[in-house]
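# Breakdown of the fold
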Amino acid sequence: MTSYRTQAQEVSWMSWEEAVQKVAEEGGQKKIFIDVYTDWCGWCKKMDKDTFQNPEVAAYMSENFHMVKLDAEQKDPIEYGGKTYTYVASGRRGYHQLAAALLKGQLSYPTVVFLDEDLRMLSPVPGYQKPGDFLKIARYFGEDIYKQKDWEAYTVEGK
């Protein structure tokens, strides 16, 4: 196991409620990043290990986002935007309504979701992302580049 030089390089995950409370306390200094996962998802575990534990990714994300882990199959209700989202039993595995809302009904894992400082959705990003690719996406939202350029223009010009 890799040991990091500083605590700041370790990702500090929080619950949805904790992140919303932090945003309110700080007056929206940071955006929210949500990792929507399931316990059975192998690519989710790989992204945790390879991407989120990458020191550069961990440092950038900790500095710019409140980071939330959201189990897409959790049973506990969650409040968001004046609505209570709950678990829905469906087939062998159910799903949480908040996960379905954040993923716009496309329940694929892993999917990460970026919210702005006012808790408005910027974009869900489905699929496993390697550290370099993930950082490019995180900077696009974290540094408000999305306000000036569309994704295609941003990716064409490089970093």
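Residues numbered from 1 in each chain as written. Predicted model: local features only at pLDDT ≥ 70, side-chain atom pairs only at ≥ 80, totals over all residues. Heavy atoms only, no water.

Two descriptors summarise a pair of aromatic rings, namely the distance from one centre to the other and the angle between the planes of the rings. Going through the model one piece at a time under the given rule, you end up with 20 aromatic pairs. Plain terms: the ring middles of Y140 and F141 are 5.0 Å apart, the flat faces sit at 75 degrees to each other, and that makes the pair edge-to-face. With a relative accessible area of 7%, F141 lands in the buried category. Between Y140 and W151, the ring centres sit 5.0 Å apart and the planes meet at 80 degrees, which makes this aromatic pair edge-to-face. Placement of Y140 in helix α5 (residues 131-142) and of W151 in helix α6 (residues 151-156) is noted, with a sequence separation of 11 residues between them. One aromatic cluster is present, built from ring pairs that chain together W13, F33, F52, F65, F114, F134, Y140, F141, Y146, W151 and Y154. When the ring centre of Y154 is taken as reference, the NZ or CZ atom of K136 above it lies at 5.2 Å. Between the NZ or CZ atom of R139 and the centre of the ring of Y60, over which it lies, the distance is 5.3 Å. (Phe/Tyr/Trp six-rings, centres within 6.5 Å; stacked < 30°, edge-to-face > 60°. Buried < 20%, exposed > 50% of the residue type's maximum accessible area, 1.4 Å probe, protein only. Helix = DSSP H or I, 4+ residues; strand = E, 2+ residues; numbered from the N terminus. Lys NZ or Arg CZ within 6 Å of the ring centre and 35° of its normal.)

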